[in-house]
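# An overview of the molecular structure
Take a look at the letters that make up each chain.
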Amino acid sequence: MFGRRRKKRDNETGRTGSEAGPTTGGAAGDVSFGNEVEPEASRGQPVKDADRYRTTGPWDSTEDAPEAGRMDLGSIRLPMEQGTEIQVNVAQDSAGKQKIIGVTLVRGKSALQVQPFAAPKSSGLWDEMREELREQVVKQGGKVEDHEGTFGPELKALVPVKGRTTEDGKQLAQRVRFIGVDGPRWVLRGVIRGEGASKPEVMAEIEQLFAGIVVVRGDQPVPPNELLQITVPKQIQEQMAQAAKTRAAQQTAQHGNAGRSPNGAAPNGSGPAASGGAPSGSGDS
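Below: a short report on this structure. Because the structure is predicted, anything quoted here is derived from the model rather than measured.

## Description of the overall build of the protein chain
Along the backbone of the protein chain there are four helices and 12 strands. Per-residue burial for the protein chain yields a buried fraction of 42% across its 285 residues. In the form shown here, the protein chain has an accessible surface area of approximately 15,500 Å², with 49% of it arising from carbon and sulfur atoms.

## Concerning the sheet that holds strand E2 (residues 70–72)
On the basis of which strands lie adjacent, the open sheet formed by four strands has the order E1-E11-E3-E2 and mixed pairing. Since the sheet does not close on itself, it has two edges, and those belong to strand E1 (59–60) and E2, each with one partner. Summarising the sheet, E1 and strand E11 (residues 214–215) pair through two bridges and their orientation is parallel. Directly across from Asp60, in E11, lies its bridge partner Val215.

## As for unusual backbone geometry
Put simply, Gly57 and Pro58 share a cis peptide bond, and its omega is 0°. With respect to the helices and strands, the residue Pro58 is situated in the loop between helix H1 (40–43) and E1. Even without being glycine, Arg185 reaches a positive phi, approximately 65°. Mapped onto the elements, Arg185 comes out in the loop between strand E9 (171–183) and strand E10 (186–194). Relative accessible area serves as the criterion here: at 12%, Arg185 is assigned to the buried category. Phi at Asn225 takes a positive value of approximately 80°, unusual for a residue other than glycine.

## Regarding the nonpolar core
Ranked by size, the top nonpolar core spans 32 residues in total, and within it Ile76, Leu78, Val114, Leu188 and Phe210 carry the most contacts. Looking at this core, the elements with two or more residues in it are strand E3 (76–79), strand E4 (84–92), strand E5 (98–107), strand E6 (110–118), E9, E10 and helix H3 (200–211). Sort the elements by how many residues they give to this core and H3 lands first, with five residues. Phe117, Met129, Leu133 and Phe178 belong to the second-largest nonpolar core, a separate cluster that totals 14 residues.

## Description of the side chain of Gln87
Considering the arrangement of structural elements, one finds Gln87 in strand E4. Given a relative accessible area of 15%, Gln87 falls into the buried group. At 2.7 Å, the side chain of Gln87 forms a polar contact with the side chain of Glu85.

## Points about helix H2 (residues 126–139)
Helical geometry: 3.6 residues make up each α-helical turn, so side chains three or four residues apart lie on a common side. The first and last C-alpha atoms of H2 sit 20 Å apart over 14 residues, in line with the 20 Å expected at 1.5 Å per residue. Buried within H2 we find Trp126, Met129, Arg130, Leu133, Arg134 and Val137. Down the axis of H2, the buried side of the element spans an arc of 140°, and every buried residue falls inside it. Exposed positions of H2 whose direction lies more than 90 degrees from the buried face are Glu135 and Lys139.

About the cut-offs
Per chain, the residues get numbers from 1 upward, laid out in the order the sequence is written. Per-residue local features of the predicted model are confined to residues with pLDDT of at least 70, and side-chain atom pairs are confined, for both listing and counting, to 80 or more; whole-chain, interface and lining totals are unaffected and use all residues. Here the side-chain values reflect all heavy atoms present in the structure, with hydrogen atoms and water set aside. Helix numbers and strand numbers start at the N terminus; a helix is a DSSP run of H or I with at least 4 residues, a strand a run of E with at least 2. Under the scheme applied here, a residue whose accessible area is under 20% of the maximum for its type counts as buried, over 50% as exposed, and between as partly exposed, the area being computed with a 1.4 Å probe on protein chains only. Residue exposure ignores everything except the shown protein chains as possible cover, and the areas themselves are Shrake-Rupley values with a 1.4 Å probe. Two strands are said to pair when DSSP picks up at least two bridges between them. Here, the term nonpolar core denotes a set of buried Ala, Val, Leu, Ile, Met, Phe, Trp, Tyr and Cys residues that are joined through side-chain atoms within 4.5 Å. Under this definition, polar contacts are N or O atom pairs within 3.5 Å; protein pairs additionally need one hydrogen-donor-capable and one acceptor-capable atom, and for neighbouring residues in sequence, both atoms have to be side-chain atoms. Expected span of a helix: the number of residues minus one, times 1.5 Å. As used here, the arc is the angular range of directions from the helix axis to the C-beta atoms.

Put into structure tokens, the structure is as follows:
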């Protein structure tokens, strides 16, 4: 599809030529790491017109993506680069349990939040998503403009920062880029904040991170627009749970000291900074 190659076959074993390893399961289906023959059904997937925006990534797990160190988080494999921090974004569901809603890659003064969603076989969802995002920003009092970027149509926006104003009472806003691409039965959405949304020399670095992502759609049916399951290793889950307890204790202590300790620091809503590519937990963003 548009110059994108399927994974090469080993002439002797019939295995893929890269990323050999075990297979793990998830809500989005079994994830193949190269030890299974690719199902014939995947070869017949229709090519969407929007795939032309993915000639250099992001990639589908059935495609021959460039070799790189990537962190396996179930439905997505994220590039692990020096100087990039990976944060797992969580929110509480109706039962009060934490649910992973996305992953944020922080590099310098830029942040890229990514979310993989299921999509129909024959048509993309990014056009529809952009319109929904446009409505949300305008409803919040922000401004939006269309832009043709590296990955095709995107939105550049000025989004009001809740609770922050200038000295003369004017609402403060931050620059945000909404990027996205349609893939085979999935759409990957990205939200860029910080310098990556405003400085051209930094934009390319953040776009490179986005392009290096591999989406693992899986074979199980998932309704369009539903977030594909993001999973983290058990050790990281335990670290996130401990970070959540620490934040709760900090909040309790702060509320107890309200009015008595003017220098008390407010919790920042995120876990300890992760280095070396290990993800940390963060609140809903």
